[in-house]
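# Breakdown of the fold
Given next are the chains, with one letter for each unit.
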Amino acid sequence: MKVVQAYRYALDPTPSQEGALASHCGAARFAFNWGLGLVKAALDQRQAEKTYGISGDLLTEVPWSLPALRRMWNIAKGTVAPWWADNSKEAYNSGLDGLARALKNWSDSRKGERKGKRLGFPRFKSKHRAALSCRFTTGTIRLEADRRHVRLPRLGRIRTAESTRKLARHLERGTGRIMSAAVRYEGGRWFVSFTCQIDRADHASAEPDAVVGVDLGVKALAVLSTGETIDNPKHHRTALRRLRRLNKELARRQGPRTPSGGRREASARWRKTKGALGKAHARVAGQRRDGLHQLTSRLAATYGTVVVEDLNVSGMLANRRLSRAIADVGMAEVRRQLTYKTTWRGGRLIVAGRWFASSKTCSGCGAVKAKLALSERTYACAACGLVLDRDVNAARNLAALAADVAQSCGETQNARGAGVRPTPGGLSAVKREPPIGGTPGRKVTAA
C-alpha cells in the first residue's frame, strides 16, 4: 500500500545555520507579503477602472495563481529584493505558494465550496507573530549515510538531534521516496519534516474481526467497550502552575508594546521569558501528541473495527466551565489519527452520527432515556435493571453500532451502503437524525 507519510526530526544546527534557517523563513514571509501587496494593488486598480467604465479583458489582471505570482516575482525580484540570491529560490516559492493557497481558500470559502468556518481575506504576516517556516520541493534533499545529518538546498549539511533510521531504512530498501521537506521553528527548536511516499507492508490488526467502541471524555481520556479505561493525563492542567508563573513574569517585563499601544524595543528579559513560555507550551503539546499517538496506534493494531462518535467539539468548547479540560483532551486529533491508521492496518473506522444517543441508550435492552444529566455517572435502566458506568454503557452502544452498519450495507471493508456516508480513508459515518420521542425501534423511558 502506497501512502503519503511525514517524518519529523528535531535539528541541532550551529549558530550560523540557525541564522541561515531564519533567513530562509524570513524570505518566505517577505515573498508572501510582497505578493499580497501586489494582489491588493491590482484589485484596487480593477475597482477604480470599473468606475471609469472599463470592463472585460481590458481590466488589470490580478496575479491569483502560483504560476502568475512566480512570473511577477521573477520580474521584480532584482528591484524589490536585491539580496534574493542569499537564499534558495525555494524560500520565495514557499511564500508565494502559501499566498496562492490562502487566496484559493478564501475564494472557495466565499463561494461556499469550502467546508468549515468562512475564511477572511489573507493578511500581511508580521515578523513578530508569524511562525518561522519554509518548504523545499526541489534541489538536494536527502539523508546522510550516518543517519544523524540531513542535507537541504543552500542550507547544506545539518545535524539532527535524533536518528533518522526509520526513514533511512525505507530509502535504502527502495520503499520510500522524499517528495518535499519543510523546516519550522517551534518551542525554541528547529524541526525538519519530510513528506514521503512510502510503500507500506500490509500488516493486519491482531484481531481483524474484533470490534471496539471508544467513548472519549474528560475525566477519562477514553473508555473502551471492553471495559478498559485510559486515564486522562491532563498535561495542560499539570503544567498550568508553571504557565501562570511565566505569564505573570512576562507581564512584568518591557515588551514590544507600550501601555498606549505604540511599538518599542523589547527587553532581553522579556525575550528570554517569552522563549521559556513558548517551550513550556510546546512541551505540553508534545506530551499530548505522544499520548494520543500511542493510544490510536494500539487501537488500530489490535482491533479490526473501531467505532467513535462524531462530536461537536467546537460547540462543546462554548462551555466556559469545561472548555479548558475539553481542549486538553484533543478529541478531534484522536479521530484524525484513527482515520489513517485503521486504513494502514486494513481495518475500518465507523463514526456514529452526532445525534446517536450513545449515553442515553441502554446497552442491554435498548431502552432510551428521555433525559440524562451530565452529573449522572452511573447508568441505571428502569426497563431491565441494568446498572453500569455511564461511559462503558456508551462505548458498548458504539460497538454494537458496527453490527447495524454491517447488516445495512453488507460485509464490506469500508462499510459502504444504504444509510452510510463514506468519506476518504475508509471512514464511515452512520446517518442519524435527532430523535423525536426516542429512537425508532427502541423503548423510551422517563429519567
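What you see is a predicted model; the values in this text were computed from it and never measured. (Residues numbered from 1 in each chain as written. Predicted model: local features only at pLDDT ≥ 70, side-chain atom pairs only at ≥ 80, totals over all residues. Heavy atoms only, no water.)

### Description of the overall build of the protein chain
Looking only at helices and strands, the protein chain features 10 helices and 18 strands. The dimensions of the protein chain, computed from C-alpha atoms along their principal axes, are 80 × 65 × 55 Å. When each of the 447 residues of the protein chain is scored for burial, the buried share is 40%. Accessible surface computed for the protein chain: about 25,200 Å², of which carbon and sulfur atoms make up 50%. (Helix = DSSP H or I, 4+ residues; strand = E, 2+ residues; numbered from the N terminus. Buried < 20%, exposed > 50% of the residue type's maximum accessible area, 1.4 Å probe, protein only. Areas by Shrake-Rupley, 256 points an atom, 1.4 Å probe, with all protein chains shown as cover.)

### Concerning the nonpolar core
Ranked by size, the top nonpolar core spans 43 residues in total, and within it L152, L167, V183, V192 and F194 carry the most contacts. Sort the elements by how many residues they give to this core and helix α1 (residues 15-51) lands first, with nine residues. The residues touching F194, leaving out its near neighbours within four places in the chain, are Q5, A6, Y7, Y9, I141, L143, V150, L167, I178, S180 and A181. (Core = buried A, V, L, I, M, F, W, Y, C linked by side-chain atoms within 4.5 Å. Contact = heavy atoms within 4.5 Å.)

### Re the layout of surface pockets
Its boundaries defined by the atoms lining it, the largest pocket holds a volume of some 1,600 Å³. Around the largest pocket, the lining comprises 40 residues; the ones closest to its centre are Q5, A6, Y7, R8 and H293. Broken down by secondary-structure element, the contributors of at least two residues to the lining of the largest pocket are β1 (2-10), α4 (165-173), β7 (189-199), α6 (268-302) and α9 (331-344). Residue contributions to the lining of the largest pocket peak at 11 residues, all from α6. Looking at side-chain class alone, the lining of the largest pocket contains 13 nonpolar, 10 polar and 17 charged residues. (1 Å grid on protein atoms, 1.4 Å probe; cavity = no way out; pocket = protein on both sides within 12 Å on 5 of 7 lines; lining within 4 Å. Points joined across faces, edges and corners; volume = space filled by probe spheres on them. Nonpolar A, V, L, I, M, F, W, Y, C, P; charged D, E, K, R; others polar.)

### Thoughts on the sheet that holds β1
As a general point, the strands of a sheet are linked pairwise by backbone hydrogen bonds and lie either parallel or antiparallel. Reading across the sheet, the four strands line up as β1-β7-β6-β2 and stay open at both edges, with antiparallel pairing between neighbours. Where the open sheet ends on each side, the last strands, each with one partner, are β1 and β2 (133-136). Adjacent strand axes in the sheet meet at a mean angle of 20°, parallel and antiparallel pairs treated alike. In this structure, β2 lies alongside strand β6 (residues 176-186), joined through four bridges in antiparallel fashion. If you follow R135 over to β6, its bridge partner there is A182. On the sheet, α1 packs against β2, β6 and β7 and is oriented at approximately 85° with respect to β2. (Pairing = 2+ DSSP bridges. Axes fitted to C-alpha atoms, helices over the stretch in contact; angles between N-to-C directions.)

### Side note on helix α5 (residues 235-252)
Structurally, the α-helix is built with 3.6 residues per turn, so residues lying three or four positions apart point the same way. Its 18 residues give α5 an end-to-end C-alpha distance of 26 Å, which sits within 8% of 26 Å, the value for a rise of 1.5 Å per residue. In the structure, α5 departs most strongly from a straight axis at R241, where the bend amounts to approximately 45°. Those residues of α5 that are buried lie in contact with α6 and α8 (323-329). (Expected span 1.5 Å × (residues − 1). Bend = angle between axes of the 7 residues up to and from the residue.)

### Some words on the pairing of strand β12 (residues 348-352)
In terms of residue burial, β12 counts as a mostly covered element, since five of its five residues are buried. Relative to β12, strand β11 (residues 303-309) runs parallel, the two being bridged by five bridges. Counted as the bridge partner of T305 is R348 from β12.

### A word on the packing of α5 against α6
The axes of two packed helices give the description: the angle between them and the distance between them. In the contact formed by α5 and α6, the axes pass within 10 Å of each other and the chain directions differ by 170°. By the angle class used here, α5 and α6 are roughly antiparallel. The residues of α6 that touch α5, namely those facing H235, H236, A239, R242, L243, L246, N247, E249 and L250, are W270, T273, K274, A276, L277, A280, H281, V284, Q287 and R288. (Parallel < 35°, antiparallel > 145°, perpendicular 65-115°, else oblique.)

### Comments concerning the pairing of β11
A large share of β11 lies buried, amounting to seven of its seven residues. Bridge analysis of strand β8 (residues 207-216) against β11 gives four bridges, and the strand direction is parallel. Among the inter-strand pairings, V211 is bridged to a residue of β11, identified as T305.

### Topic: unusual backbone geometry
Of note in this structure, R154 is not a glycine but carries a positive phi near 65°. In this structure, R154 sits in the loop between β4 (149-152) and β5 (156-159). Notably, K234 is not glycine yet its phi reads approximately 50°, a positive angle. Along the polypeptide, K234 turns up in the loop between β10 (229-231) and α5. Judged by relative accessible area, K234 falls into the partly exposed class, the value being 27%.

### A word on the environment of A395
Position of A395 relative to the elements: it lies in helix α10 (residues 390-409). Placed 52 residues apart in sequence, A395 and T343 show a C-alpha to C-alpha distance of 22 Å. Excluding residues that lie within four positions of it along the chain, A395 makes contacts with G213, D215, V223, L224 and S225.

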